[in-house]
Amino acid sequence: MKNLLFPVAVLGMVASLAQAALTPVTIGTASGSGSDLGGGAYRLTGSGIRAYNPDGDELEFAYERVTGDFDKKVKIKSISKVASDWNRGGIQVRDSIDPVARVLEVTAIGQSSETDDNGNAKGVNQVRLYGRTHPDANYSSFGRVYPGVADALPNQWLRLRRVGNQFLAYVGSDGKNWSLAVQRYSDGLPASVYVGLYAGSASDQGDALTTVDFESYGDAPTTDTVAPTLVSAGSLDKKVVGVKFSEQLASASVAPGKFTVSGATVTGASVGINGDSVYLAVSGLTASSFTVTVNGVTDFAGNPIAAGSSVSGKAASGWTAVDVGSFASANPASRAEGDDPILPGRTVAVNADGKLEVEVVAG
């Protein structure tokens, strides 16, 4: 099946094109090697038992340390065929190089050297977004998959972008036009992470070595020159005010001192789940209507919002957000082992003026 790519020009990428050298390391007990070929080109060879190995990852990883937002892209030229359905490589994010670390990766899985009864090559042959949401957990597959990696090679482009705790995975065929494949909100990964390229085979015996050739690894270039604007604001409880913007923001530009809410004191500010909203912790808000004013916030590409930008907001009435689950602890607000979900959810209104628009994170 042909690779299903729907080219879409995506704006608002990282402005810097600085190329950091990646440090190769073998994760777990796998065999492997990594070579820096220069100019963002790398050749990684990795083995490994399987993605659901209870002892953690077994693969070859070449990384840099990145703090805060990033937007990384790479071209995969080839994935060698060995006796495994999971010959793979891609862009990976880890909170450590421990085999059971939290992980998020956009990965291209190739074809096997083995064939079925009809002579067709085995292998998953897809782009997927995978992750380990907690240390020692199994991997999970997030969102839809894109088939046809074998047809796309040697031009299988992958891209992974972080805005706050929102991660966006893209596929492409030329490094310029991208299709958004999967989005994933992951609040378990710290601000400073290990980001880079990886290769692995995930064969049953662990003795199959997959070699992946990468080119043009680095920051995705920016084309965005349009400043962000305010769209709406709202609140469910008058304790958290949600503010919606026209595009994704640079999370480093978001701080409590850059926001004012009429009739209230802003005590905290964080980027929302899609990267294009901000959640403000406020105190003293009693009115049902308020005004939010913003200064000094920039979009992902560094374009600043117009000074003194403001938007009116309202507090919704009659709505309450609660987690539904099984809680062993006496206080579900403070989760403990045995509670499900283990992480508290969150619901924030970003518009309550004429229509209610909420952003929800659920465990």
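Everything below is about the structure shown above.
The numbers attached to residues start from 1 for each chain and follow its sequence in the written order. In view of the model being predicted, local features appear only for residues whose pLDDT reaches at least 70, and side-chain atom pairs are presented and counted only at 80 or more, with totals across whole chains, interfaces and linings using the full set of residues. Side-chain descriptors were evaluated using all non-hydrogen atoms of the structure, hydrogens and water having been removed beforehand.

K.L.:
Outline the overall build of the chain, supporting the account with residue identities and numerical values.
P.N.:
Note on conventions: DSSP H or I runs of at least 4 residues are helices, E runs of at least 2 residues are strands, and numbering of each starts at the N terminus. Assigned secondary structure in the chain consists of 1 helix and 23 strands. Taken over C-alpha atoms, the radius of gyration comes to 22 Å for the chain, in line with the 21 Å a tight globule of 363 residues would show. If one aligns the C-alpha atoms of the chain with their principal axes, the spans along those axes are about 70 × 50 × 35 Å. Burial status follows relative accessibility: with a 1.4 Å probe on protein chains alone, a residue under 20% of its type maximum counts as buried, one over 50% as exposed, and anything between as partly exposed. In the chain, which comprises 363 residues, the share counted as buried stands at 49%. Every residue pair with non-hydrogen atoms within 4.5 Å of one another is taken to be in contact. The long-range fraction of contacts in the chain, counting pairs at least 24 apart against all pairs at least 6 apart in sequence, stands at 65%. Residue burial considers only the protein chains on display, and all accessible areas are found by Shrake-Rupley using a 1.4 Å probe. Summed over its atoms, the accessible surface of the chain is roughly 15500 Å², and 50% of this surface lies on carbon and sulfur atoms. Computation of the radius of gyration draws on C-alpha atoms alone. For the globule rule, the value is 2.2 Å times the number of residues to the power 0.38.

K.L.:
Explain the pairing of strand 21 (residues 309–315) to me, and be specific about the residues and the numbers.
P.N.:
Only one face of strand 21 is buried: it carries Ser309, Val311, Gly313 and Ala315, and the other face, with Ser310, Ser312 and Lys314, is open. By definition, two strands form a pair when at least two bridges between them are found by DSSP. Where strand 15 (residues 230–235) meets strand 21, 2 bridges bridge the pair, whose relative direction is parallel. Across the sheet, Ser235 pairs through a bridge with Ala315, a residue of strand 21. Here strand 20 (residues 289–294) pairs with strand 21 via 6 bridges, running antiparallel.

K.L.:
Please provide a residue-by-residue account of unusual backbone geometry, values included.
P.N.:
The step from Leu153 to Pro154 runs through a cis peptide bond, and the omega angle for that step is 10°. Assignment of secondary structure puts Pro154 in the loop between helix 1 (149–152) and strand 10 (156–163). Residues Asp340 and Pro341 are joined by a peptide bond in cis, for which omega reads 10°. Relative to the elements of secondary structure, Pro341 occurs in the loop between strand 21 and strand 22 (346–351). In this structure, Ser216 takes a positive phi of about 60° despite not being glycine. The residue Ser216 is located in strand 14 (residues 210–219) in this model.

K.L.:
Please provide a residue-by-residue account of the sheet that holds strand 15, values included.
P.N.:
What links the strands of a sheet is backbone hydrogen bonding, and the strands pair in either a parallel or an antiparallel sense. On the basis of which strands lie adjacent, the open sheet formed by 7 strands has the order 17-20-21-15-16-19-18 and mixed pairing. Of all strands in the sheet, those bounded by a partner on one side alone are strand 17 (259–261) and strand 18 (265–271). In this sheet, neighbouring strand axes are inclined to one another by 25° on average, regardless of whether the strands run parallel or antiparallel. Whenever a helix is involved, its axis is fitted only over the stretch in contact; in every case the axis is a line through C-alpha atoms, and angles between N-to-C directions fall within 0 to 180 degrees.

K.L.:
Can you explain the pattern of salt bridges? Please cite residues and give values.
P.N.:
Side-chain pairs of opposite charge can arise where the charged atoms are in close proximity. By definition here, a salt bridge exists when the distance from a side-chain nitrogen of Lys or Arg to a carboxyl oxygen of Asp or Glu is within 4 Å. For the structure on display, the rule yields 13 salt bridges. With a closest N to O distance of 3.6 Å, Glu215 and Lys75 form a salt bridge. Taken together, the residues span a long stretch of sequence, with Glu215 in strand 14 and Lys75 in strand 5 (residues 70–79) at a distance of 140 residues. Since its relative accessible area comes to 26%, Glu215 is described here as partly exposed. Looking at Lys75, the relative accessible area reads 15%, which means it is buried. With a closest N to O distance of 3.6 Å, Asp95 and Arg102 form a salt bridge. Connected through shared salt-bridge partners, Asp57, Arg94 and Arg132 make up one network.

K.L.:
Could you give me a rundown of the nonpolar core, with the residues and numbers involved?
P.N.:
Residue types Ala, Val, Leu, Ile, Met, Phe, Trp, Tyr and Cys, when buried and joined through side-chain atoms within 4.5 Å, form a set referred to as a nonpolar core. Grouped together as the largest cluster of nonpolar side chains are 34 residues, with contacts concentrated most on Leu158 and Leu197. If near-sequence neighbours (up to four positions away) are discounted, Leu197 is found in contact with Leu22, Tyr42, Leu44, Glu60, Phe61, Ala62, Val74, Gly90, Ile91, Phe214 and Tyr217. In terms of nonpolar packing, the next biggest core, distinct from the first, is built from 27 residues, Leu249, Phe259, Val266 and Ile305 among them.

K.L.:
Give a detailed account of the packing of aromatic side chains, specifying residues and quantitative values.
P.N.:
In this analysis, rings of Phe, Tyr and Trp, with Trp reduced to its six-membered ring, are considered paired at centre separations within 6.5 Å, and the interplanar angle assigns stacked below 30 degrees, edge-to-face beyond 60, and tilted for intermediate values. If you walk through the whole model with that rule in mind, you get 6 aromatic pairs. Ring centres of Tyr63 and Tyr194 lie 5.1 Å apart, and the angle between their planes is 70°; this geometry places the pair in the edge-to-face category. On the criterion of sequence distance, the pair formed by Tyr63 in strand 4 (residues 59–67) and Tyr194 in strand 13 (residues 192–200) is long-range, its members being 131 residues apart. With respect to class, Tyr63 is no different from Tyr194; both count as buried. By the ring-pair criterion, three or more aromatic residues cluster together here, those being Phe61, Tyr63 and Tyr194. The rule is short: NZ of Lys or CZ of Arg within 6 Å of the ring centre and within 35 degrees of the ring normal puts a charge over the ring. The ring of Trp178 has Arg159 lying over it, and the distance from NZ or CZ to the ring centre is 5.4 Å.

K.L.:
Quick one: what's the story with the side chain of Asp276, residue by residue and with numbers?
P.N.:
With respect to the helices and strands, the residue Asp276 is situated in the loop between strand 18 and strand 19 (277–283). Here Asp276 occupies a buried position and makes no salt bridge, while the nearest side chain of opposite charge, Lys244, is found at 4.4 Å. If we ignore the near neighbours within four places in the chain, the residues touching Asp276 are Val243, Lys244, Phe245, Glu247, Gln248 and Glu359. In this count, Lys and Arg are taken as positive residues and Asp and Glu as negative ones, while His and the chain termini are left out.

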